[in-house]
Number of protein chains: 2
Amino acid sequence: MHGINPHLSARARKPTPSVEELVNGILSGNRVLLSQAITLIESHRADHQEKAQAVIDSCLPHAGNSIRIGITGTPGVGKSTFIETFGLRLIEKGHRVAVLAIDPSSQMTHGSILGDKTRMMRLSVHESAYIRPSPAGDALGGVARKTREAIMLCEAAGFDIIIVETVGVGQSETAVHSMTDVFLLLLMPGAGDELQGIKRGIVEMADIIAVNKADGDNALAAKRAKAFYANALHLFPPKPNYWIPQILTCSALSGDGLEEVWQLILNFQELTKNNQSFYTNRQEQAVFWLREAIDERLKKHLFDTPSVKERFLEVQRQVAAGELSPFKGAQMIVP
Amino acid sequence: MHGINPHLSARARKPTPSVEELVNGILSGNRVLLSQAITLIESHRADHQEKAQAVIDSCLPHAGNSIRIGITGTPGVGKSTFIETFGLRLIEKGHRVAVLAIDPSSQMTHGSILGDKTRMMRLSVHESAYIRPSPAGDALGGVARKTREAIMLCEAAGFDIIIVETVGVGQSETAVHSMTDVFLLLLMPGAGDELQGIKRGIVEMADIIAVNKADGDNALAAKRAKAFYANALHLFPPKPNYWIPQILTCSALSGDGLEEVWQLILNFQELTKNNQSFYTNRQEQAVFWLREAIDERLKKHLFDTPSVKERFLEVQRQVAAGELSPFKGAQMIVP
């Protein structure tokens, strides 16, 4: 924390604005008040949570008017460069772009606000962009919930393109998939080998696969990778929304292919809005998060009792050792 | 229910044997007592459940000594013929084979005990085999739990090969995957098209893919399908247990390829036992079912309150309509 401007520090200690001030600020597109509201969402303090919920309640009628894009890819695939170049391009078209990161593990490498802003320098300073890293030091469930609520506030603040980013190797992709409309997987040139780092199941989630770094010496390898995936994608059964996953090459460095990625996202949006799956998917996602949140609260109530937690660990040990059936074990925890 | 023998009917009304009689019967390999114990597992009566748990407790130390094989494939792929021919072949080798069906929807087509036994006539009458269809008229969670407990009893009864069968189009494959050691997917000849009927995610679960009906006019198509899948399987990242999914053709009708399927299962078992993943996987599965069962019991406690159920439906409607945030909604259900 060395070198922090004492004035900034003092400002951070100012009392937070009222619910009304926050809501009005967000609805007028004020990024500072948007940030303060998201900080409330991320806070563990009960009074902050209550205030955050009041802000969300007021913003909810103004949320939803966006396309939510999930982007994943292993470290080294050029994700930050892609999002920056892609985001700036969309801003040029008149859009407002919010970027939310969801992976808790990313905290270890570049999770500080400074780190995240540094890696998307040009985008982060643009007035039509808003970049927010993952809340630090939290379990995935919590991060996912907070990110989902942050999406709503960003939409209420007029951001019509929401990018939710993960690193593609953790537990967070299913969560991202459950809060976005379209899922973009970035891969590196090469045929098959680069999948070593990708978590199982992710390729199948992808609506669009972009082989990045299709420039210079990699151009040929990228083309080969594209052909390989194009063939292999036939392995997957059709998606319930009738979208056929598309694959292309791009270069975040040169900008080649990024226009095509955007066109595919527009095509996806058109198809799924026409056949209504865009809307039913959002409804199902909302109900999914309702059920998840109910589960989470039930378990929290249960495991917040220290004696239960202790008993659970002992039961878990016995079940893993085959000394106790899982269902008998569950009865011992929840009579 | 016409034509039922009144003597059978009278016998069914006899009081069930004691826990001790059931346990002794199961441990001596008595299939009638095994069936009666599984019927207790499937019963909704509290006293039956209690008795079933006591039986399971006593059988647990004798369970686990088997290979649990999940088999899935769409209707028409020849699953029954495959299981019958395959099962008889294993019995010839000196094994004892239990077949459990898990898919609740299978009730609609062939779910009666008579139906299930008819479709595997030769296997079902063999004294080294035991065939048990899905419990009827139940939600998946319940069926899965009951099937998992039935596996333990079958193992305690000396069945060293447990086949758990699903139809590959429902919600049950993940459940089966979470209670078996090795997962076999049966496909029909053709390249890609036959996947239309297969649920997304199933191909990725498969440890072994067998293209069945590779006989007569289909032989060539089956070979083409095998080549296609062999290529396409590279799309999937490696499994954490280091097993590389294998693909082959077979004919349940002629028996061709069934020996190779068994050899692959033995290879799988050897590899995963050598690298310990066989055992850690079973431990993880047990803990998974413990957590699932805790979740289920918590939710049952909650939703068994009629007022909560009513409130949930209203909250769910509002959340789906975007009028209420999922997390606020969850708070309203679980304060």
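So, how was this worked out
- Residues numbered from 1 in each chain as written.
- Chains lettered and ligands numbered in written order.
- Predicted model: local features only at pLDDT ≥ 70, side-chain atom pairs only at ≥ 80, totals over all residues.
- Heavy atoms only, no water.
- Helix = DSSP H or I, 4+ residues; strand = E, 2+ residues; numbered from the N terminus.
- Contact = heavy atoms within 4.5 Å.
- Expected span 1.5 Å × (residues − 1).
- Buried < 20%, exposed > 50% of the residue type's maximum accessible area, 1.4 Å probe, protein only.
- Arc of directions from axis to C-beta.
- Buried area = accessible area lost by both parts, 1.4 Å probe.
- Salt bridge = Lys/Arg side-chain N within 4 Å of Asp/Glu carboxyl O.
- Polar contact = N/O pair within 3.5 Å; in protein donor to acceptor, adjacent residues only side chain to side chain.
- Nonpolar A, V, L, I, M, F, W, Y, C, P; charged D, E, K, R; others polar.
- Pairing = 2+ DSSP bridges.
- Axes fitted to C-alpha atoms, helices over the stretch in contact; angles between N-to-C directions.
- Phe/Tyr/Trp six-rings, centres within 6.5 Å; stacked < 30°, edge-to-face > 60°.
- Lys NZ or Arg CZ within 6 Å of the ring centre and 35° of its normal.
- Least-squares fit on C-alpha atoms with pLDDT ≥ 70 in both.

A. Region of the structure containing the overall build of chain A. If you tally the helices and strands in chain A, you get 16 helices and seven strands. Looking at chain A alone, contacts between residues at least 24 apart form 77% of all its contacts between residues at least 6 apart.

B. Inspection of helix α4 (residues 46-59) of chain A at higher detail. Residues and elements named next belong to chain A. Between its first and last C-alpha, α4 extends 20 Å over 14 residues, near the 20 Å set by a 1.5 Å rise per residue. Among the residues of α4, His48, Gln49, Ala52, Gln53, Val55, Ile56 and Cys59 are the ones counted as buried. All buried residues of α4 lie within an arc of 165° about the axis, which places them on one face of the element. When the buried face of α4 is taken as reference, the exposed residues oriented beyond 90 degrees from it are Ala46 and Glu50.

C. Seen up close, the interface of chain A and chain B. Taken residue by residue, the interface counts 59 residues in chain A and 60 residues in chain B. Regarding the contact of chain A and chain B, the summed buried area is about 5400 Å², with carbon and sulfur atoms giving 69% of it. On inspection of chain A and its partner chain B, the count reaches four salt bridges. There are eight residue pairs in polar contact (both at pLDDT 80 or more) connecting chain A and chain B. If you list the elements that add at least two residues to the side of chain A that touches chain B, you get α4, α9 (140-156), α11 (202-205), α12 (219-232), α14 (277-303), α15 (306-320) and α16 (326-333) of chain A. It is α14 of chain A that contributes the most residues to the side of chain A that touches chain B, 14 residues altogether. Classifying every residue of the side of chain A that touches chain B by side-chain character gives 34 nonpolar, 11 polar and 14 charged.

D. Quick look at the sheet that holds strand β2 (residues 97-101) of chain A. Residues and elements named next belong to chain A. Taken together, the seven strands give an open sheet; going across it, the order is β3-β2-β4-β1-β5-β6-β7, and neighbouring strands pair in parallel fashion. Pairing within the sheet leaves two strands with one partner each, and these edge strands are β3 (129-132) and β7 (246-249). The mean inter-strand angle of the sheet, taken between neighbouring strand axes irrespective of direction, is 20°. Taken strand by strand, helix α5 (residues 79-92) contacts β1 (67-72), β2, β3, β4 (161-166) and β5 (182-187), and its axis lies near 180° from that of β4. Running at roughly 130° to β1, helix α13 (residues 258-274) makes contact with β1, β4, β5, β6 (208-211) and β7 of the sheet.

E. Main features of the packing of aromatic side chains. The final tally for this structure, using the stated rule, is 16 aromatic pairs over all chains. Plain terms: the ring middles of Phe288 of chain B and Trp289 of chain B are 5.3 Å apart, the flat faces sit at 85° to each other, and that makes the pair edge-to-face. Linked through ring pairs, Phe82, Phe86 and Trp262 of chain A together constitute an aromatic cluster. Here the basic side chain of Lys273 of chain A rests over the ring of Phe278 of chain A, its NZ or CZ set 4.8 Å away from the ring centre. Taking the ring centre of Phe327 of chain A as reference, the NZ or CZ of Arg145 of chain B above it sits at 5.7 Å.

F. Spotlight on unusual backbone geometry. Residues and elements named next belong to chain B. Not every positive phi belongs to a glycine, and Lys213 is a case in point at roughly 65°. Mapping Lys213 onto the fold places it in the loop between β6 (208-211) and α12 (219-232). Residues other than glycine seldom take positive phi values, yet Gln276 does so here, at roughly 75°. Relative to the elements of secondary structure, Gln276 occurs in the loop between α13 (258-274) and α14 (277-303).

G. Region of the structure containing the pattern of salt bridges. All names here are of chain B. Following the criterion strictly, the structure yields 30 salt bridges over all chains and no others. Here Lys93 and Glu259 are joined by a salt bridge, their closest N and O atoms 2.7 Å apart. Of the two residues, Lys93 sits in the loop between α5 (79-92) and β2 (97-101) while Glu259 sits in helix α13, which places them 166 residues apart along the sequence. The partly exposed category is assigned to Lys93, whose relative accessible area is 39%. Exposure remark for Glu259: the relative accessible area of 31% places this residue in the partly exposed category. Across the pair Glu314 and Arg317 runs a salt bridge, and its minimum N-O distance is 3.1 Å. Of this pair, Glu314 and Arg317 both sit in helix α15 (residues 306-320), three residues apart, which is roughly one turn of that helix.

H. Focus on helix α3 (residues 31-42) of chain B. Residues and elements named next belong to chain B. Counted at 1.5 Å a residue, the expected span for α3 with its 12 residues is 16 Å, and the 16 Å between its end C-alpha atoms agrees. Of the positions making up α3, those classed as buried are Leu33, Leu34, Ala37, Ile38, Leu40, Ile41 and Glu42. Between a side-chain oxygen at the N-terminus of α3 and the backbone nitrogen of Val32 the separation is 2.8 Å; the capping residue is Asn30.

I. The environment of Ser124 of chain A, seen in detail. Residues and elements named next belong to chain A. Relative to the assigned elements, Ser124 resides in helix α8 (residues 121-124). As for Ser124 and Lys239, which are separated by 115 residues in sequence, their C-alpha atoms are 35 Å apart. Here the side chain of Ser124 touches Met121 through a polar contact of 3.0 Å, landing on its backbone oxygen.

J. Representation of the side chain of Ser178 of chain B in the model. If you trace the backbone, Ser178 of chain B turns up in the loop between α10 (173-177) and β5 (182-187). A residue is classified by how much of its surface remains accessible, and Ser178 of chain B, at 12% relative accessible area, is buried.

K. Spotlight on the sheet that holds strand β7 (residues 246-249) of chain B. Residue and element names in this part refer to chain B. Here we have seven strands laid out as an open sheet, ordered β3-β2-β4-β1-β5-β6-β7, and parallel in their pairing. Because the sheet does not close on itself, it has two edges, and the strands there are β3 (129-132) and β7. Between one strand axis and the next, the sheet turns through 20° on average, direction left out of account. Summarising the sheet, β2 and β3 pair through four bridges and their orientation is parallel. Of the residues in β3, the one forming a bridge with Val99 is Ile131.

L. Inspection of the relation of the copies chain A and chain B at higher detail. Overlay of chain A on chain B (RMSD 0.1 Å): rotation 180°, translation along the axis 0.0 Å. On the angle and the small slide along the axis, the relation comes out as a two-fold axis. In this assembly, 100% of the residues forming the interface of chain A have copies in chain B that are likewise at the interface, indicating an isologous arrangement.

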